[in-house]
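# A closer look at the structure
Each chain, written out:
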Amino acid sequence: MTQTHLVTGPFPELWRDSKSVVVIDGIGLDGKVFVNDPSIEITLVKSPEILSQVDDVEFANFRSISESVFQRLVGELNRVHGTNQPERYWRIICGAWFLQFAQVWYLRWKVASEVLRLHGPTPYLRLDVKWQELLPVTHDEASLLFATDIWNHIAYCEAFKFVSKSDRLEKLVYAPEQNSELSKYRSVINFGLPSQSAKSKLESILAKLSPRPRVVLAGVTQSRSALVAMHLRLGMLPRLWRFSAKLTPQPVDASLREQIQLSKSTDLGFQEFLARSVSHHLPTVYLEGFKDLSMQTFNENILEKPPRAIFTNTLLHRSEQFKLWCANFVAQGKTKLFSGQHGGGYGVSRFVSWSEDYELSVVDNFLSWAAVSPSHKSKACCVQMPMGEFKPETKGNLLIVLGPVTRNSDIYGMLGVQTNSNYVQFLDLFLSDLPQRVSSQTIVRPKNASATRKPARVAAEQMAGIFSSSVAIDPGGMSLDQRLSQSRLAVVTYNETTIPSNLMNNFPTIALWDSNFVRLNDRASSVYGRLAEAKILFHSPVEAAQHVTEIWSDIERWWNSDLVQNARRHYCENYAHKVRFTALTVASVIADNL
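Right, let's walk through the structure included here.

Calculation criteria
Residues numbered from 1 in each chain as written. Predicted model: local features only at pLDDT ≥ 70, side-chain atom pairs only at ≥ 80, totals over all residues. Heavy atoms only, no water. Helix = DSSP H or I, 4+ residues; strand = E, 2+ residues; numbered from the N terminus. Expected span 1.5 Å × (residues − 1). Contact = heavy atoms within 4.5 Å. Phe/Tyr/Trp six-rings, centres within 6.5 Å; stacked < 30°, edge-to-face > 60°. Buried < 20%, exposed > 50% of the residue type's maximum accessible area, 1.4 Å probe, protein only. Pairing = 2+ DSSP bridges. Axes fitted to C-alpha atoms, helices over the stretch in contact; angles between N-to-C directions. Patch = residues over 30% accessible without salt bridge, like charges linked within 9 Å, V, L, I, M, F, W, Y side chains within 5 Å. Areas by Shrake-Rupley, 256 points an atom, 1.4 Å probe, with all protein chains shown as cover. Salt bridge = Lys/Arg side-chain N within 4 Å of Asp/Glu carboxyl O. Core = buried A, V, L, I, M, F, W, Y, C linked by side-chain atoms within 4.5 Å.

### Observations regarding helix 23 (residues 562-575)
Residues three or four positions apart in an α-helix share a direction because the helix packs 3.6 residues into each turn. Here helix 23 contains 14 residues, and its C-alpha end-to-end distance of 20 Å stays within 8% of the 20 Å for a straight helix at 1.5 Å per residue. Turning to helix 23, the residues buried within the fold contact helix 19 (498-504), helix 20 (522-533) and helix 22 (555-559).

See below:
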C-alpha cells in the first residue's frame, strides 16, 4: 500500500521521493499546484473552505479561550519584569500581537485537526528551522512572518504534531537554503524595527510653544490651520509627537522563555496548544528587549506630567515605543487614550478582526468614521484619513481592484479570505465572462506587492500568469486615485478601505466577493443588502459580469439612478461620514469626552 505524506509548504524537499501526498493550501503564487510531479498522487486541502465553517459559537469560544491565556501572560510578564502593572498596561503593549497570533494560531490548529480527521496520522517532513530563527523582534515583524511560507510550514507542523499527539510522524530535513533565505528576509525588513526620522519644523515649534501639553497627537499629520482649529475647540494647543529612537534586536534567552508557564489545563484542545506556544512566539521586544525599549522610549520622550489625552490613528498597531509610552501614562489613571479609525472594514465583519478588537479593548474612546460599532467606546465621528478627489472618465477603463492577495489564508483577520485558488478562481470567472469590448479595456490592479516589505503577496508580474483570459495588469506606477481618474467603473474585490472611499466620492463602483468567505454581521448585512438591491454588490461573478456588460455604454445612467444613489448614501451614513472640517470634528469629539 502506498504511504501518503503530508505537505505543508512549497518546498520540494517535502515531497521528494513521495508517491502520494496530502497538501495543505497547495496552490502556489502562480495559481498552480506547487507539487508539480505528475507521478505523485495529490489530494488538496483548501483551508478557506475549512475555515468558512466557523460559526458564532465557535468564535465566541475561541475568544474566551484566548482571553484566559492572555490573563496568564499578563501575570507572567509582571513576574519576569518584576512589576505589578495593571492588565490594561500589558494589553496596550502586547495585546495587538497576542490577538493576531491567537487568531492565526487557531486557524492553523483547526485546519490541522481537520486534516487528521480526514486523513489520519499522516507522516510529514519538516525543515530543520529552529524556533529561535522564527522568533520576531516586534509585532510588525511577526505580522510579516505570518504571511510567509516558511512560518506557515513550521506552524502547520507544530499544529499537526499537537493534534496527532505524536512526535514519530515528523522527520527533519536539513535545508540550509531556506534558513539562509529566512535570515536575509528578516534583515531586509529590519526585524520590523522603525526607521529614524527627524522632527519637522512644525513639531519643533510646538515643542517650544507647548512644553507641557495636555493633548498629544501621536503619529498624526496636521496642517497649521488644522492645529489652530483644534486649539480653538479644545481650549489648549495640541502637541504633535513622533517616536524615532533606535531600537536594536536583543539575543534570545531560551532559559528565560522556558520559565514562562501558561499551561494549566489537561485538556489537549486549542487552549493548551496556544498556552504552550506563546513562549516560543512572543516578540523579543516584550521580553529580552523590554529594558532597551523602556530606556530608548523614556530617554527621548520626556513629559513632566501626564497629558489629559493622547490621540493616534495608526501607532497602536505599528509603534512599540508609542505603546509603552502611552501605557505608562494611561496606567497612572490620569490620561485618556483616543484612537481614530484609519481604514475601512470596521464594524462589518461577522467575526471581529484582531485589530478592531484590540483598539476597542485598550482605548477610552474610538473615533469611528460613522456609527460603525455598538460598543460604548465607539464615538461616531467622520472619515479622518485624507481622501483624494477623483472623478470617473466617461470613456475610461474598467478597473478591477484586488485585495492583499497572499498564499496563506487569514493573516489579516478571522476569515477575511483573499487567498488561494478560491479568490483567484472567483475573479477568473468574472473576467472570462466579460465580452471582448469590455475586457479589452479592463485593467487589474493588485494590492501593492513589495520585495522588501510584502514579499508574500502576489506581485503584478505573478498575477499576469494566473488568469486564464488575457488581461492588462497595472504595475502600480501611479496612485490608485490617479488610476481611478482614468476609469469609468471600478470593481472592488475586498471589503476594506476602497469601498467606503469610492462610495464617499460618488465614484461608480461594483463590489464583488464570495459571501462564503466575506461574512457580515447582522447590521452590515442590512446595509450591504441595499447595495445588492441596487446592483452595487454582487456575490456571483457571472451576474456581476452580465451587469457590467449591460451598463458599460452608459455607466452614468445606472449610477445616478435614485435606487443606486439612495443605497450609496445609506452606506455612507453608516460607514463613511464625510465632513468639511475634519480636524474640528475630531477635536469636538475629544473635547466632549475629556
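### A closer look at the packing of aromatic side chains
Scanning the model with the defined rule gives 29 aromatic pairs in all. On the numbers, 5.3 Å between centres and 20 degrees between planes, the contact of tyrosine 346 with phenylalanine 366 is stacked. Placement of the pair is tyrosine 346 in the loop between strand 9 (336-340) and helix 14 (354-362) and phenylalanine 366 in strand 10 (residues 365-368), with a sequence separation of 20 residues. On the basis of relative accessibility, which here comes to 2%, the residue phenylalanine 366 falls in the buried class.

### Some points on the sheet that holds strand 6 (residues 215-218)
Across a sheet, strands are paired by hydrogen bonds formed along the backbone, either parallel or antiparallel in direction. Overall, parallel pairing links the six strands, which are arranged 7-6-8-9-10-11 in an open sheet. With one partner strand each, in any of the chains shown, strand 7 (239-241) and strand 11 (378-380) form the two edges of the open sheet. Put simply, the sheet's adjacent strands are angled 25 degrees from each other on average, direction ignored. When strand 6 meets strand 8 (residues 309-312), the two strands line up parallel, connected through four bridges. When the sheet's bridge partners are listed, alanine 218 is paired in strand 8 with threonine 312. Packing against the sheet, helix 13 (residues 320-331) makes contact with strand 6, strand 7, strand 8 and strand 9, and its axis sits at approximately 155 degrees to strand 8.

### Some words on the environment of lysine 447
With respect to the helices and strands, the residue lysine 447 is situated in the loop between strand 13 (442-445) and helix 17 (460-463). Residues lysine 447 and proline 475, spaced 28 residues apart in sequence, show a C-alpha to C-alpha distance of 9.8 Å.

### Considering a nonpolar patch on the surface
There is a patch of nonpolar side chains on the surface, built from Val33, Ile42 and Leu44 and spanning about 180 Å² of accessible area. Residue class for isoleucine 42 comes out partly exposed when judged on its relative accessible area of 32%.

### Some points on the nonpolar core
In terms of nonpolar packing, the biggest core is built from 174 residues, with Trp97, Phe322, Trp325, Leu398, Phe430 and Tyr528 touching the most fellow members. The element that contributes the greatest number of residues to this core is helix 3 (residues 87-119), accounting for 19 residues. Residues contacting tryptophan 325, with those up to four places away along its chain left out, are Val216, Trp241, Phe243, Thr297, Phe298, Asn301, Leu303 and Ile310.

### Here we look at unusual backbone geometry
Even without glycine at this site, phenylalanine 191 takes up a positive phi of about 60 degrees. By secondary structure assignment, the location of phenylalanine 191 is in the loop between helix 6 (176-188) and helix 7 (201-209). On the basis of relative accessibility, which here comes to 22%, the residue phenylalanine 191 falls in the partly exposed class. For lysine 535, which is not glycine, the phi dihedral falls at a positive 60 degrees. Tracing the chain through its elements places lysine 535 in the loop between helix 20 and strand 17 (537-538). Accessibility expressed as a relative area gives 40% for lysine 535, which makes it partly exposed.

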